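As a plain string of letters, each chain reads:
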Amino acid sequence: MSTKDDELLKELALEEYKYGFTTDIEMDIAPKGLSEDTVRLISAKKNEPEWLLEWRLKALRHFLQMEMPAWQNFEHPDVDFQDISYYAAPKAKPKLNSMDEVDPELLSTFEKLGIPLDEQKVLAGVVAVDAVFDSVSVKTTFREKLKEQGVIFCSFGEAVQEHPELVKQYLGSVVPQTDNIYAALNSAVFSDGSFVYIPKGVRCPMELSTYFRINAENTGQFERTLIIADEGAYVSYLEGCTAPMRDENQLHAAVVELIALKDAEIKYSTVQNWYPGDKDGKGGIYNFVTKRGMCKGDNSKISWTQVETGSAITWKYPGVILKGDHSVGEFYSVALTRNRQLADTGTKMIHLGKNTRSKIVSKGISAGVSHNSYRGLVKIGPGAENSRNFTQCDSLLIGDKCGAHTFPYIESRNKTAKLEHEATTSKIGEDQLFYLTQRGIDPEKAVGLIVNGYAKEVLNQLPMEFAVEAQKLLAISLEGSVG
Amino acid sequence: MLSIRNLHASVEDKQILKGLDLEVKAGEVHAIMGPNGSGKSTLGNVLAGREAYEVTEGEVLLDGKDLLDLSPEDRAREGVFLAFQYPVEIPGVSNINFLKTALNEVRAYKGLPPMEAKEFLSRVKEKQKLVKFDAKLANRSLNEGFSGGEKKRNEIFQLAMLEPKLAILDETDSGLDIDALRIVAGGVNQLRSNDNAFIVITHYQRLLDYIVPDFVHVLYNGRIVRSGTKELALELEEKGYDWIKETVDAEGTV
């Protein structure tokens, strides 16, 4: 690399994380440490029924017996589970009925993040938002409007109170407590998150979205999201996240479960921008998340789209269990790592039903001294006659100190299945950069154009407003990374 | 407009240009001919500021401004355009979006606001006609899956859109059939004006039947060894490059 590129790389390293501010607000924080008492405390704070407490305690017992896995392509950091506080909530008034009752500090926090919680301010009301601040949901907008169509969109805590039968039926049905150690931990201590139920035959009239914000120090965020699309229903759901800049690492271990019944479709999009740590790898979020959907009914469809630019370590495999015949699973991913960021992400497509189809498009981008791994599993069960999978897995390298890795796993137990796998690795070429700069385009903008072009197939899957945001995010994240 | 004096340049420590002088005035078309390896493409790349090409001596002024001091993007914004011999493909970046970005960057450099969408689109339409560039291609990814001829036409389309002061055509005729050559040349001829200038780098005289130059220079071993009018190109065609090599080597000037 030339000296000019080196300089630009240095500039990149100094690029600030723009969501790194903290909110000064009075908090109710549980003492550090993990025990049955912690779980009981969380459950009591949320006024939960006995069955849920028992469910949590069972998960805790699993957690305590499980061991940290060692197969991932990064060194698992030492996480002291006793040094984390498992519950942090703004000291709020008992019940939030209108905007006037939301703490103005919180409102301005979300405003700063570009998340309008005031329905009046949202143009034409195209997106309904559930805002989660540390361990609790602050505000869910447009609930009344959604209710007219029978759509339930509320915080997980409210769902437990108001729709216990749905929660009881589906909680843990896609991601069992014992799935992995962080899923077990989440099941024991999850605090809040979003709950969505779309009734039979209803096409959800607006995009639903949850915005997660970690604020408090020394806490972990363990949200739980459950989305159920009943027969013939459709919903598009978006998730965004940020956190303050802090020197110590913070753990984010969420569980997301999606259930699509017969003929239903769920589209789940994530733009993940947790604090990635500084250029030396100090601080940042450990993003250890379990996300899985179940195409339970015939002809159902679940589609994951993720744009991952943040977090010190991203470790997740949003997958789909294709149980219903003719069901469809999709996974579109852009994962960008720079500085010392690490990502080990991909998907799992489990084909069980007949004529099931899955499509995987993964675009990794590595810059700096980061490492970016794609890990994907395509599993064809014995009963999955005529199943199809197409996997495309591309890596783009910026500079010569980063790494891209690919770990595809294929297990087929049915001879009628057809699987295709394509993979490429490329570098941003000097010739491509020169071509664009020769036309007068700034080198940084040129990299942004090339990367956005490379990621286009995935970005096209995002809802319009999010696609624009994601494009900007990719361009900003790469500022100065010419190489 | 362009003044090149005693230009020496090397690639990977290999001296390619060894004292090149050239004066180009507004309104002129200069053809640079020469055998393979004489330094023709190096000249184009050096003028455009490609990083691998190191200038070891000499100066290049564009309207009195030191070009060698500028980054490639600033040279482009000052009005230097290189039509590439091998245009690259950039997947996923739409031709139109790329052109809009480029045009507005050049405008911003000149202190102009971004071009209105309507004006931009009408310019696209007009210039597409000029080089018979298929509207479908304009909306596709930049050069991706284009044929050789389509890529070259895209270069001239961009040239038409950006209206540079100085356009350098680097072997734009290579790989073109006679029909495509006519279209490309026709486009260039319509773009000629009293305010701009062209340097046409070519190996063959054929292109100069269509783009008639004011001056023809023969580059050999890193220097211009003969200059003349279009008749020089015809003489070259007839006698071949060996003629130049022999006479120049006999003169012992290189």
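Every chain begins its residue count from 1, and numbering advances along the sequence as written. Labels follow written order: the first chain is A, the first ligand is 1, and so on. Whole-chain, interface and lining totals are the exception, using all residues; otherwise, since this is a predicted model, local features are given only for residues with pLDDT of at least 70 and side-chain atom pairs are given and counted only at 80 or more. Values shown for side chains rest on all heavy atoms present in the structure; no hydrogens or waters enter the calculation.

1. Considering the pattern of salt bridges
Think of it this way: side chains of opposite charge can pair up when their charged atoms draw near.
No. 1: Each salt bridge in this description consists of a side-chain nitrogen of Lys or Arg and a carboxyl oxygen of Asp or Glu lying within 4 Å of one another. With the rule as written, the count across this model stands at 33 salt bridges over all chains.
No. 2: Put simply, Arg56 of chain A and Glu48 of chain A hold a salt bridge, and the shortest N to O gap is 2.8 Å. Per residue, the accessibility class of Arg56 of chain A equals that of Glu48 of chain A, and both read buried.
No. 3: Here the residues in one salt-bridge network are Lys445 of chain A together with Asp74, Arg77 and Glu105 of chain B, joined through shared partners. Note on exposure labels: buried denotes an accessible area under 20% of the residue type's maximum, exposed denotes more than 50%, and partly exposed covers the range between, all computed with a 1.4 Å probe on protein chains only.

2. Digging into the pairing of strand E7 (residues 90–94) of chain B
Residues and elements named next belong to chain B.
No. 1: With respect to burial, E7 is a largely interior element, 4 of its 5 residues being buried.
No. 2: Two strands make a pair as long as DSSP finds a minimum of two bridges between them. Helix numbers and strand numbers start at the N terminus; a helix is a DSSP run of H or I with at least 4 residues, a strand a run of E with at least 2. Here E7 runs beside strand E8 (residues 141–142); their pairing, made up of 2 bridges, is antiparallel. Across the sheet, residue Ile90 finds its bridge partner in E8, namely Leu142.

3. Side note on the UniProt feature "domain: ABC transporter" (unreviewed entry) in chain B
No. 1: UniProt positions are given in the numbering used here, feature names are shortened, and annotations may be inferred rather than shown by experiment. When the UniProt feature table is mapped onto this chain, "domain: ABC transporter" (unreviewed entry) is found at residues 2–246 of chain B.
No. 2: Along residues 2–246 of chain B one finds 41% helix and 29% strand; the C-alpha atoms at either end are 30 Å apart.

4. So, the environment of Gln341 of chain A
Residues and elements named next belong to chain A.
No. 1: With respect to the secondary-structure elements, Gln341 resides in the loop between strand E17 (328–337) and strand E18 (342–351).
No. 2: Judged by its relative accessible area of 3%, Gln341 is buried.
No. 3: A sequence separation of 15 residues divides Gln341 from His326, and the C-alpha atoms of the two residues are 38 Å apart.
No. 4: Contacts are assigned to residue pairs with any non-hydrogen atoms lying within 4.5 Å of each other. If near-sequence neighbours (up to four positions away) are discounted, Gln341 is found in contact with Pro276, Thr309, Gly310, Ser311, Ala312, Leu336, Ser370 and His371.

5. Some points on the nonpolar core
No. 1: We call a set of buried residues a nonpolar core when its members are Ala, Val, Leu, Ile, Met, Phe, Trp, Tyr or Cys and they connect through side-chain atoms within 4.5 Å of each other. Judged by nonpolar contacts, the single largest core of 114 residues is most densely connected at Leu436 and Val451 of chain A together with Leu2, Ile4 and Ile199 of chain B.
No. 2: Apart from residues no more than four positions distant in its own chain, Leu436 of chain A is found in contact with Ile441, Ala446, Leu449 and Ile450 of chain A together with Ile90, Phe98 and Leu142 of chain B.
No. 3: Residues Leu258, Ala264, Phe331 and Met349 of chain A belong to the second largest nonpolar core, which totals 35 residues.

6. What to know about the interface of chain B and chain A
No. 1: Of the residues lining the interface, 33 residues belong to chain B; the matching set on chain A comes to 21 residues.
No. 2: Summed over both partners, the accessible surface that disappears when two parts come together, traced with a 1.4 Å probe, is what is meant by buried area. Between chain B and chain A, a total of about 2,200 Å² is buried, with carbon and sulfur atoms accounting for 60% of that surface.
No. 3: Here chain B is connected to chain A by 3 salt bridges.
No. 4: A salt bridge links Lys445 of chain A to Glu105 of chain B, with the nearest nitrogen and oxygen atoms 2.5 Å apart.
No. 5: We call two N or O atoms a polar contact when they sit within 3.5 Å, provided that within protein one can donate a hydrogen and the other can accept it, with sequence-adjacent residues counted only if both atoms are side-chain atoms. Seen at the junction of chain B and chain A, the total is 14 residue pairs in polar contact (both at pLDDT 80 or more).
No. 6: With 6 residues, the top contributor of residues to the side of chain B that touches chain A is helix H3 (residues 95–109) of chain B.
No. 7: Residue composition of the side of chain B that touches chain A, by class: 18 nonpolar, 8 polar and 7 charged. Side-chain classes are defined by residue name, with Ala, Val, Leu, Ile, Met, Phe, Trp, Tyr, Cys and Pro counting as nonpolar, Asp, Glu, Lys and Arg as charged, and the others, Gly among them, as polar.

7. Notes on the packing of aromatic side chains
Aromatic rings considered in pairs are described by the distance between their centres and by the relative angle of their planes.
Residues and elements named next belong to chain A.
No. 1: Ring pairs are drawn from Phe, Tyr and Trp, using the six-membered ring of Trp, whenever the two centres fall within 6.5 Å, and their geometry is named by plane angle: stacked under 30 degrees, edge-to-face over 60, tilted for the rest. Scanning the entire structure with this criterion turns up 20 aromatic pairs over all chains.
No. 2: Ring geometry for Phe81 versus Tyr182: centroids 6.1 Å apart, planes at 50°, classification tilted. Within this pair, whereas Phe81 is found in the loop between helix H3 (50–65) and strand E2 (88–90), its partner Tyr182 is found in helix H8 (residues 181–189), the two being separated by 101 residues in sequence.
No. 3: Note on Phe81: relative accessible area 13%, which makes it buried.
No. 4: A ring pair is formed by Tyr286 and Phe288, whose centres lie 5.6 Å apart and whose planes are at 5°; its orientation type is stacked.
No. 5: The buried category is assigned to Tyr286, whose relative accessible area is 12%.
No. 6: The rings of Phe63, Trp71, Phe74, Phe81, Tyr182, Tyr286, Phe288, Trp315 and Tyr317 are connected pair by pair, giving a single aromatic cluster.
No. 7: We note Arg224 situated over the ring of Phe190; from NZ or CZ to the ring centre the distance is 5.7 Å.
No. 8: Over the ring of Tyr435 we find Arg439, and its NZ or CZ is 5.0 Å from the ring centre. The rule for a charge over a ring is simple: NZ of Lys or CZ of Arg within 6 Å of the ring centre, and within 35 degrees of the ring normal.

8. Thoughts on the confidence of the model for chain A
All names here are of chain A.
No. 1: Scored by pLDDT, chain A comes out at a mean of 83, with 80% of its residues at no less than 70.
No. 2: Within the model, pLDDT remains below 50 along residues 8–14, and this stretch shows 16 contacts once partners closer than five positions in the same chain are excluded.
No. 3: Residue-level confidence of the predictor, termed pLDDT, takes values from 0 up to 100. In the model, residues 120–125 has pLDDT below 50 throughout and makes 7 contacts with residues more than four positions away in sequence or in other chains.

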